[in-house]
Amino acid sequence: MGVPAGFLRDARGRLLPASIPFRFFGAATVFHLLAWAALVPGALATPGFAGGLGLPLAALHLVTLGVLAMTALGASLQLLPVATRQPVASPRAAAALGWVYLAGVAATTLGMALAAPALLAAGAAATVGALAAYAALLARNLRGARGVPVVTAHGWAAWVSLGLALASALALAAAWLGHPVLARPAAVGLHIAFAAYGFMGLLVLGFSHILVPMFALSDAPPRGPSLASAGAAIAALALSALGSLGIAEAWLAPLAPAVGLLALGSHVVLMERARASGMRPRLGRSFVLVRVGWAGLGASLAVALAMALGLGVPRAPALFGALLAGGLLSLLLGMLSRIVPFLAAMHSTPGRRGPPLPSALTAERPLKLHFGCHLGAFALLLAAIALDSAALVAAAGAVGTVGAAAFGAFFAVACHKMRR
Amino acid sequence: MTSEPAPRRWSEPDGAHIDVRGLPPPQPLVAILRLVRETGDDAGAAVIVHHDRDPVLLYPELAELGWRADRVAGEPGEVRLRLTRAR
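Everything numeric in this text was worked out from a predicted model, so none of it was measured.

1. Describing the overall build of chain A
So, point 1. Scanning chain A from N- to C-terminus turns up 13 helices and zero strands.
So, point 2. The order of α-helices and β-strands along chain A, N terminus first, is α-α-α-α-α-α-α-α-α-α-α-α-α.
So, point 3. In terms of overall dimensions, chain A is globule-like: its C-alpha atoms have a radius of gyration of 20 Å, near the 22 Å expected for 420 residues.
So, point 4. Across its three principal axes, chain A shows a C-alpha extent of roughly 65 × 45 × 40 Å.
So, point 5. When burial is assessed residue by residue, chain A has 57% of its 420 residues classed as buried.
So, point 6. A fraction of 80% describes how many contacts in chain A between residues 6 or more apart in sequence connect residues 24 or more apart.
So, point 7. When the accessible area of chain A is evaluated, it comes to approximately 15800 Å², of which 70% is carbon and sulfur surface.
So, point 8. Within chain A, one finds 26 positive and 6 negative side-chain charges whose respective centroids are separated by 13 Å.

Set out below in structure tokens:
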């Protein structure tokens, strides 16, 4: 491509240096490996898991904090400035918060695994501090955004959710240290709703309004229905919060997941229509993972609805957690497997023949292995919970670890080729 | 499919022009690539893009299609690109 080098440097100057987002992505690939590996020694406690310190809780937070939030931070710091046309206020602050967050997640999850409340509290403090700094950067970026109301609506809702998720996390950490400030069921309810569905879910759903049309080369979904879908998701979160705080719980506990299902369903319809109308509608394995992610999220909401209605679902808390974390993980890995080569190509130094092609930076064999292992591990984990089988949990952990290593290889190849 | 404003397109002797200024992402990317695909494989074909920012997401997609981008002079505040088939 004949773009003059100076022009490309100018264009790239508006982006964060590649080292910052790729550090987040690299850390996420390591935590991804650890999350699946933790299931092997934690197999006995996993099928009946219903909260409390130990390896299952550590594995869950290695996924949520270590993979999902870590990737969301890196991707949003990289892509939000492009979407909103607002540069990141302080690249140095973005880099620093990445290191603090990494240390915080490591200490938090180790504290959970070892059932060491003091280590957990120290890690939680660092994690909360880093996420608060990220929230400040996010707010500054969203405040200046113009012309992308769907992304900013999702972004602001995710921002509020992050605040509530952090507050409820601190309440839970304080309770583990013997200083309860909120009834544990209320804190757990608020934390799950606002950390997983609110912060992670809305951030991913919001970015999907740019990423899916970008992948499929299609027009963006229509603004009105997109904002209505976001409104339904926000309403579901508000209903869930009120229910968690004991307000009209009998009505709101089932209503919240029902409205959440409506929001998710409308989002999926909008995304599928956009994909189908694009110039590149066939998105391959990466979009299969995205669809598995949607299915996992929908199934988690259905389990939540069944629990609220008092329907007897065996080992419902573990099943709910696996569907929610596995769904979000599938969705995010599907997106990440497409954007990593693209971002790597964007950051590469053009050679004599121009910049490298994203397809040349994609290592297909590791991605294919990851795809099979990820789906296999997710299915094994669900079967393990359904059958109350520790052996199947260990098998899921082993298969998932192989898949995570393959995804790490895909990421390492993209980084290596980007630097060459 | 969308309620966003459409890009303006016209033809001049130097190629097919497209003005994507003011469009939110990813509409400029999609509109430009749609025009590039419509322009076809003619070795002499050119697309002139009138943009209000550096389209950083466009370059990897153009490279995949075998096209190149060159910056050309434009109005103040405008990023004008000439897209042609890479030789």
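2. Comments concerning the interface of chain B and chain A
Accessible area lost on assembly of the parts is the figure often given for the size of an interface.
So, point 1. Facing 33 residues of chain B, the contacting portion of chain A comprises 38 residues.
So, point 2. Carbon and sulfur atoms make up 65% of the area that chain B and chain A hide from each other, which totals about 3200 Å².
So, point 3. A salt bridge links R34 of chain B to D219 of chain A, with the shortest nitrogen-to-oxygen separation between them at 3.7 Å.
So, point 4. Viewed at the interface, chain A and chain B are joined by four residue pairs in polar contact (both at pLDDT 80 or more).

3. Some details on the environment of S208 of chain A
Residues and elements named next belong to chain A.
So, point 1. Mapped onto the elements of the fold, S208 is located in helix α7 (residues 184-216).
So, point 2. Residue S208 is classed as buried on the basis of its relative accessible area, which comes to 1%.
So, point 3. The spatial distance from the C-alpha of S208 to the C-alpha of H267 is 9.3 Å, given a sequence separation of 59 residues.
So, point 4. Look past the residues within four positions of S208 in its chain and what remains in contact with it is P213, H267, M271 and M335.

4. A look at the layout of surface pockets
So, point 1. Here the second largest pocket is characterised by a volume of approximately 490 Å³.
So, point 2. In this structure, the second largest pocket is lined by 22 residues; those nearest its centre are S286, S337, R338, T362 and E364 of chain A.
So, point 3. Sorting the residues of the lining of the second largest pocket by element identifies α7, α10 (284-308), α11 (316-347) and α12 (364-387) of chain A together with α2 (58-65) of chain B as the ones contributing at least two each.
So, point 4. The class makeup of the residues in the lining of the second largest pocket is nine nonpolar, six polar and seven charged.

5. Thoughts on the confidence of the model for chain B
All names here are of chain B.
So, point 1. Scored by pLDDT, chain B comes out at a mean of 87, with 95% of its residues at no less than 70.
So, point 2. The least confident element of chain B is α2, whose mean pLDDT is 87; the most confident is strand β3 (residues 46-51), at 95.
So, point 3. Of the two predicted TM-score estimates for the complex, the pTM is 0.90 and the ipTM is 0.85.

6. Some remarks on the pattern of salt bridges
All names here are of chain B.
So, point 1. For the structure on display, the rule yields twelve salt bridges over all chains.
So, point 2. The residue D70 makes a salt bridge to R68 at a minimum N-O spacing of 3.1 Å.
So, point 3. When its relative accessible area of 23% is taken as the criterion, R68 is described as partly exposed.
So, point 4. Linked by salt bridges that have partners in common, D19, R21, E75, E78 and R80 make up one network.

About the cut-offs
Residues numbered from 1 in each chain as written. Chains lettered and ligands numbered in written order. Predicted model: local features only at pLDDT ≥ 70, side-chain atom pairs only at ≥ 80, totals over all residues. Heavy atoms only, no water. Helix = DSSP H or I, 4+ residues; strand = E, 2+ residues; numbered from the N terminus. Rg over C-alpha atoms; globule rule 2.2 N^0.38 Å. Buried < 20%, exposed > 50% of the residue type's maximum accessible area, 1.4 Å probe, protein only. Contact = heavy atoms within 4.5 Å. Areas by Shrake-Rupley, 256 points an atom, 1.4 Å probe, with all protein chains shown as cover. Lys, Arg positive; Asp, Glu negative; His and termini not counted. Charge placed at Lys NZ, Arg CZ, Asp CG, Glu CD. Buried area = accessible area lost by both parts, 1.4 Å probe. Salt bridge = Lys/Arg side-chain N within 4 Å of Asp/Glu carboxyl O. Polar contact = N/O pair within 3.5 Å; in protein donor to acceptor, adjacent residues only side chain to side chain. 1 Å grid on protein atoms, 1.4 Å probe; cavity = no way out; pocket = protein on both sides within 12 Å on 5 of 7 lines; lining within 4 Å. Points joined across faces, edges and corners; volume = space filled by probe spheres on them. Nonpolar A, V, L, I, M, F, W, Y, C, P; charged D, E, K, R; others polar. pLDDT = per-residue confidence, 0-100.

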